[in-house]
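# Per-entry structural report
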Amino acid sequence: MASGMTSSEYIAHHLTNLTYGNHPDNGWSFAHSAQEASEMGFMAINVDSMAWSIGLGTFFIWLFSRVARTATTGVPSGTQNFVEMIIEFVDENVKNVFHHKNALIAPMALTIFVWVFLMNLMDLIPVDWIPSIAGMMGIHFMKIVPSTDLNVTLGMSLAVFILIIFYSIQQKGIGGFLAELSLQPLGKWALPFNLFLELVGLIAKPISLALRLFGNMYAGEMIFILIALLPFWAQWLLSVPWALFHILIITLQAFIFMVLTIVYLAMAHDHH
Amino acid sequence: MNMNMTIIGQIISFIIFVYLCMKYVWPPLTAALAERQKKIAEGLDAADKAARELEEAQQSVEAVLQESKAQAATLIEQANKRASQIVDEAKETAQAEADRIKAAAAADVEQEVNRAKEVLRAQVATLVVAGAEKILGASIDVNNHQELVDKLAAEL
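Residues numbered from 1 in each chain as written. Chains lettered and ligands numbered in written order. Predicted model: local features only at pLDDT ≥ 70, side-chain atom pairs only at ≥ 80, totals over all residues. Heavy atoms only, no water.

### Section: the overall build of chain B
Helix and strand counts for chain B stand at two helices and zero strands. Along the three orthogonal principal directions, the C-alpha set of chain B runs to about 195 × 20 × 15 Å. Here chain B holds 156 residues, and 15% of them are scored as buried. Separation between the mean location of the 17 positive side-chain charges and that of the 24 negative ones in chain B comes to 10 Å. (Helix = DSSP H or I, 4+ residues; strand = E, 2+ residues; numbered from the N terminus. Buried < 20%, exposed > 50% of the residue type's maximum accessible area, 1.4 Å probe, protein only. Lys, Arg positive; Asp, Glu negative; His and termini not counted. Charge placed at Lys NZ, Arg CZ, Asp CG, Glu CD.)

Structure below.
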């Protein structure tokens, strides 16, 4: 814990993004507090979330495409083996759930799985390291786990949501999609009720997808921050078990995000 | 927690990364995996085929061996037969030779006997003449009694 802060200041500091936006008073600038960031409204961007998210995504593409370029059909190298293991794992999951022909689903599932995993993985870096380094360089806020930013998780789930709508209409036509939304489960005499039910179900998909990942990672991050408030000699007692447990959570959350995406898109392809 | 343009930024980066993954990551890797799968399948097939061929070869070896054994047995039998035949022939030849020699010897003996008989006969004639001269006390004209003497000698 950095010196010269109260506990609540410390926690608030660690949970504030580095936001660049149009402040009503200061114009386009970095927010100096959470208050200023929220005053910026929608016309702002969380620079740290974006930077880490894009950086990790680039790392993923770089690593995997490098392996893909040099991929041999003979005996694979260690990295290739590892990458192939992930590919086969994702492919198997896609094949189990998604039975239509679509060249987008599997690569997207792979991207989601690895990217979300990498973003979650940042949670295991001790909470003070990178913010302290950033602080020394004059950057006041630095949240390094993009998946603890609701904007990030919601952004991904909205992209998935757009695809759900797109494929629903593409596979069933607008009429078919609307019929699916309004004529079940109770038949056409309960149309408004059906529509209400199905719309809630539809909208719940991206919201639950985003909130599940966000909630898990935010809570995990929060616990790491709370542990960091303990005296330094006692921290390992809690942080080590929590980090070990968290390895499971970050993998599981990445996996759940991927599987649910596949399931939702399979449902969008299925005719009822 | 503020909702802001980060959402849009994340959507855009998501689309870009999925596109890059779709273009540069997924196809080559799955192609490599499929290719390897094919290679392994082919390798296993080849191994199966080789095992089958080995078995077939062993079977044909067995067959050839059997055949040559049978041939060898036939040859040995033939040879044995031929050998005994040769022995029989040799026996027969030897027998014939022996018979021939025996016959020749017998003929020789007979010839000798005849010759001896001739000689004896001639001598008998002389002796008879001499004996008759002694008995008659006079010489006998051999020429006059030639016929008689010859008759006598022929009767011996």
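### A short note on the nonpolar core
By size, the foremost hydrophobic cluster in this structure holds 69 residues, and its most contacted members are A:Phe64, A:Val90, A:Leu110, A:Ile112 and B:Phe14. Per-element accounting of this core gives the leading share, twelve residues, to helix α5 (residues 105–121) of chain A. Setting aside residues up to four positions removed in sequence, A:Val90 forms contacts with A:Ala106, A:Ala109, A:Leu110, A:Phe113, A:Met258 and B:Trp26. Listed in part, the eleven residues of the second largest apolar core include A:Leu15, A:Val127, A:Ile225 and A:Ile227. (Core = buried A, V, L, I, M, F, W, Y, C linked by side-chain atoms within 4.5 Å. Contact = heavy atoms within 4.5 Å.)

### Quick look at a negative patch on the surface
Residue and element names in this part refer to chain B. The grouping of Glu-35, Glu-42, Asp-45 and Asp-48 at the surface amounts to a negative patch. Positionally, Asp-48 belongs in helix α1 (residues 6–136). Given the relative accessible area of 48%, Asp-48 is considered partly exposed. (Patch = residues over 30% accessible without salt bridge, like charges linked within 9 Å, V, L, I, M, F, W, Y side chains within 5 Å. Areas by Shrake-Rupley, 256 points an atom, 1.4 Å probe, with all protein chains shown as cover. Salt bridge = Lys/Arg side-chain N within 4 Å of Asp/Glu carboxyl O.)

### Quick look at a nonpolar patch on the surface
On the surface, a nonpolar cluster with roughly 730 Å² of combined accessible area is contributed by A:Tyr20, A:Trp28, A:Phe30, A:Phe42, A:Met43, B:Ile8, B:Ile12 and B:Ile16. Elements supplying a minimum of two residues to the nonpolar patch: β2 (27–30) of chain A together with α1 of chain B. With three residues, α1(B) is the largest single contributor of residues to the nonpolar patch. Along the chain, A:Phe42 turns up in the loop between α2 (34–39) and β3 (44–46). Residue class for A:Phe42 comes out partly exposed when judged on its relative accessible area of 40%.

### A short note on the pattern of salt bridges
Residues and elements named next belong to chain B. The tally for this structure, following the rule as stated, stands at six salt bridges over all chains. Between Glu-97 and Arg-100 there is a salt bridge, with its nearest N and O atoms 2.6 Å apart. You can see Glu-97 and its partner Arg-100 sitting in helix α1, three residues apart, about one turn around the helix.

### Quick notes on the packing of helix α8 (residues 191–228) of chain A against helix α9 (residues 232–269) of chain A
Residues and elements named next belong to chain A. The N-to-C vectors of α8 and α9 enclose an angle of 175 degrees; their axes lie 10 Å apart at closest approach. One way to sum up the angle between α8 and α9 is to call them roughly antiparallel. Taken together, the residues of the contact of α8 with α9 break down into 17 nonpolar, eight polar and two charged. (Axes fitted to C-alpha atoms, helices over the stretch in contact; angles between N-to-C directions. Parallel < 35°, antiparallel > 145°, perpendicular 65-115°, else oblique. Nonpolar A, V, L, I, M, F, W, Y, C, P; charged D, E, K, R; others polar.)

### Side note on the pairing of β2(A)
Sheet faces and side chains relate simply in a regular strand, where the side chains alternate between the two faces. All names here are of chain A. Note: strand β1 (residues 19–23) against β2, four bridges, orientation antiparallel. Following the sheet pairing, Asn-22 is matched in β2 by Trp-28. The antiparallel hairpin formed by β1 and β2 contains three residues in its connecting segment. (Pairing = 2+ DSSP bridges.)

### What to know about the confidence of the model for chain B
Mean pLDDT over chain B stands at 89; residues scoring 70 or higher make up 94%. With pTM at 0.76, the complex prediction returns an ipTM value of 0.90. (pLDDT = per-residue confidence, 0-100.)

### Things to note about α5(A)
Here α5(A) contains 17 residues, and its C-alpha end-to-end distance of 24 Å stays within 8% of the 24 Å for a straight helix at 1.5 Å per residue. Extensive coverage of α5(A) is indicated by the burial of 15 of its 17 residues. (Expected span 1.5 Å × (residues − 1).)

### Comments concerning empty space enclosed by the protein
All names here are of chain A. Summed over the entire model, instances satisfying the criterion amount to one cavity of 30 Å³ or more. Roughly 40 Å³ of internal volume is contained in the largest cavity. What lines the largest cavity is His-14, Val-127, Pro-131, Met-142, Lys-143, Ile-144 and Glu-221. Of the residues that constitute the lining of the largest cavity, the class distribution is four nonpolar, one polar and two charged. (1 Å grid on protein atoms, 1.4 Å probe; cavity = no way out; pocket = protein on both sides within 12 Å on 5 of 7 lines; lining within 4 Å. Points joined across faces, edges and corners; volume = space filled by probe spheres on them.)

### A short note on the interface of chain A and chain B
Counting residues at the interface gives 57 residues for chain A and 29 residues for chain B. Carbon and sulfur atoms supply 77% of the area buried between chain A and chain B, which totals about 3,600 Å² over both sides. Of all residues in chain A, A:Phe42, A:Thr73 and A:Asn151 bury the most surface against chain B, accounting for 18% of the area lost on that side. At the junction of chain A and chain B, the tally comes to one salt bridge. Only α2, β3, α3 (47–69), α4 (78–97), α5, α7 (150–182) and α8 of chain A provide two or more residues apiece to the side of chain A that touches chain B. Among the elements that make up the side of chain A that touches chain B, the one with the highest residue count is α3(A) (twelve residues). In terms of residue class, the side of chain A that touches chain B is made up of 35 nonpolar, 17 polar and five charged. (Buried area = accessible area lost by both parts, 1.4 Å probe.)

### Focus: the side chain of B:Ser13
Inspection of the secondary structure assignment puts B:Ser13 in helix α1. When its relative accessible area of 7% is taken as the criterion, B:Ser13 is described as buried.

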